[in-house]
Amino acid sequence: MGWMVRIKLHLRRFSRRHQWIMLAVRSFVIFSATFGGAYGFIAGSRSEHSGYNPNNFAIGASFLFAVACLALATVSMRLRFLRLKMRKIALHNEALADRNWELQEAEDRARSLFESQSDLIVLRDAEGKITFVNDTYCELARKQRLELIGSRFQFTVLEQGESAIESSGTRIHDQRIETALGARWIAWREALVRFDAGAPAEMQCVGRDVTDRTESERALSEARDQADAANRAKSRFLAMASHEIRTPLNGIIGMSGLLLDTVLTP
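Below, the structure is looked at part by part. Because the structure is a prediction, the values reported are computed rather than measured.

## Let's talk about a positive patch on the surface
A contiguous patch of positive charge, built from K8, R12, R13, R16 and R17, is present on the exposed surface. In this structure, K8 sits in helix α1 (residues 2-17).

## Some remarks on the nonpolar core
L120, V133, Y137, L148, F153 and F155 are the most contacted members of the largest nonpolar core, which totals 15 residues. Counting only elements with at least two residues in this core, the list comes to β1 (120-124), β2 (130-133), α4 (135-141) and β5 (182-193). Here this core takes four residues from α4, the largest share from any one element. Sequence-distant contacts of F153, that is, excluding residues within four places in its chain, are made with R124, I130, Y137, A141, K143 and L148.

## Considerations on the pairing of strand β3 (residues 156-165)
Here β3 runs beside strand β4 (residues 171-179); their pairing, made up of seven bridges, is antiparallel. The partner of E159 across the bridge, within β4, is R176. In this structure, the hairpin formed by β3 and β4 is closed by a connection of five residues, where G169 is found at a positive phi of approximately 95°.

## So, the sheet that holds β3
With respect to topology, six strands assemble into an open sheet ordered β2-β1-β6-β5-β4-β3, the strand pairing being antiparallel. The open sheet has two edge strands with one neighbour each: β2 and β3. Strand after strand, the sheet turns through a mean of 25° between neighbouring axes, direction not considered.

## Some thoughts on a nonpolar patch on the surface
Taken together, F14, I21, V25, F28 and V29 make up a surface patch of nonpolar side chains, about 470 Å² in accessible area. Broken down by element, the nonpolar patch gets its largest block of residues, four residues, from helix α2 (residues 19-46). Counting through the fold element by element, V29 comes out in helix α2.

Conventions and cut-offs
Residues numbered from 1 in each chain as written. Predicted model: local features only at pLDDT ≥ 70, side-chain atom pairs only at ≥ 80, totals over all residues. Heavy atoms only, no water. Patch = residues over 30% accessible without salt bridge, like charges linked within 9 Å, V, L, I, M, F, W, Y side chains within 5 Å. Areas by Shrake-Rupley, 256 points an atom, 1.4 Å probe, with all protein chains shown as cover. Salt bridge = Lys/Arg side-chain N within 4 Å of Asp/Glu carboxyl O. Lys, Arg positive; Asp, Glu negative; His and termini not counted. Charge placed at Lys NZ, Arg CZ, Asp CG, Glu CD. Helix = DSSP H or I, 4+ residues; strand = E, 2+ residues; numbered from the N terminus. Core = buried A, V, L, I, M, F, W, Y, C linked by side-chain atoms within 4.5 Å. Buried < 20%, exposed > 50% of the residue type's maximum accessible area, 1.4 Å probe, protein only. Contact = heavy atoms within 4.5 Å. Pairing = 2+ DSSP bridges. Axes fitted to C-alpha atoms, helices over the stretch in contact; angles between N-to-C directions.

In structure tokens, the structure reads:
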């Protein structure tokens, strides 16, 4: 049974690829059958011992005509069915084309949104190769997108900040990296994303430039440390000055009390 199916598949594939050859073969077979049948009938009817009977001939011709009409009706119904089926397929294809157009438009909007973001966006596969970068990443790297796609490019890390992992599995950490615009602090959010069920997950890294915030926090921290140091120095100075002043004042106050309580003579 399997070899018959394979033969049919090969014949259908051959007929699709070579339509002119199949049309010529079909035309030859139909012409041969028609011409052969007509020639045999005419030759047989003209023979002396053919036993030609007009009544039998009329009955046979009527039967053949009825069979031909039935065949034509069957072919017409089949063609109508195929026409309806083709119409449904055409409508389905139009719906699929509209859906594909909507998906393409949504993908273009999403891609333009990704590329116009001020944050750094980069996708890496399981081997660490870049599969997508936006314009901001390219500007900081001073490289073209085609140069970055497929490479393992990474910024030089000058200082690594603290990292934390959220309940969703997203890793958050800060890095001070060397860029074409100088050293910048970037707050990264790294998470695994899967765009296709049959494809492996990719690492999506979204970075935000927090250099101004980090520098402000550091300046505030340094100012707070200096204020704390000045406060401690003031406290030490007051404690020492209070001790140094209180010691002689005790003697002066004591002697003054004695002088006030004693009758003075010349």
